[in-house]
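The residues making up each chain are set out below.
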Amino acid sequence: MTASGTGLRLVAGTPVHFGADNTPGVAGKLTLTCRGEGPIRIQPAKGQATDVQCGGSVELQTDSGGTMFTASTTTKSAMSLDWTLETVAR
């Protein structure tokens, strides 16, 4: 299963929720492409948050059941986030 979205707008103080419906027993890879400058925090529904720098692509491994995420930033400038989630059944 693959889910994706483009053009999510990130601004300070407004978390953005994204992802696929939670499916138990599924792990996968989240690929983020961010346009803009500054740090963003990616918080899965379960587990640890990851801080990434905007301005390129980054891949994150997702844990079982972690198919919903929240992205947030403290940077004042607007950023745009594209994401792709590829899931693999275990």
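The coordinates are above.
Residues numbered from 1 in each chain as written. Predicted model: local features only at pLDDT ≥ 70, side-chain atom pairs only at ≥ 80, totals over all residues. Heavy atoms only, no water.

A. Looking closely at the state of the cysteines. Here the structure, examined in full by the defined rule, presents 1 disulfide. Sulfur-sulfur distance for the disulfide between C34 and C54 comes to 1.8 Å. Handedness of the C34-C54 disulfide follows from its S-S torsion of about -85°: it is left-handed. Pair noted here: C34 is in strand 3 (residues 26-44) and C54 is in strand 4 (residues 50-62), with a separation of 20 residues, a long-range link. For the pair C34 and C54, a shared accessibility class is recorded, and that class is buried. (Disulfide = S-S within 2.5 Å. Helix = DSSP H or I, 4+ residues; strand = E, 2+ residues; numbered from the N terminus. Buried < 20%, exposed > 50% of the residue type's maximum accessible area, 1.4 Å probe, protein only.)

B. Focus on the nonpolar core. Judged by nonpolar contacts, the single largest core of 19 residues is most densely connected at F18, L30, L32, I40, I42 and L81. For this core, the secondary structure elements donating two or more residues are strand 1 (2-10), strand 2 (16-19), strand 3, strand 4, strand 5 (68-73) and strand 6 (79-89). No other element matches the 5 residues that strand 3 contributes to this core. Aside from chain neighbours lying at most four places away, what touches F18 is L8, L30, L32, I42, T67, M68, F69, T70, A71, L81 and W83. (Core = buried A, V, L, I, M, F, W, Y, C linked by side-chain atoms within 4.5 Å. Contact = heavy atoms within 4.5 Å.)

C. Structural detail: the environment of D21. The residue D21 is located in the loop between strand 2 and strand 3 in this model. In this structure, D21 is in contact with T67 and M68, ignoring residues within four places of it in sequence.

D. Focus on the pairing of strand 2. Going residue by residue along strand 2, you find V16 and F18 tucked away on one face and H17 and G19 left uncovered on the opposite face. Pairing analysis gives 4 bridges linking strand 2 to strand 5, with the strands arranged antiparallel. Of the residues in strand 5, the one forming a bridge with F18 is F69. (Pairing = 2+ DSSP bridges.)

E. Inspection of the side chain of T73 at higher detail. Here T73 lies in strand 5. Side-chain polar atoms of T73 contact the backbone oxygen of P39, separated by 2.8 Å. From its side chain, T73 meets the backbone nitrogen of T75 in a polar contact 3.1 Å long. If we ignore the near neighbours within four places in the chain, the residues touching T73 are L10, V11, A12, G13, P39, I40 and M79. (Polar contact = N/O pair within 3.5 Å; in protein donor to acceptor, adjacent residues only side chain to side chain.)

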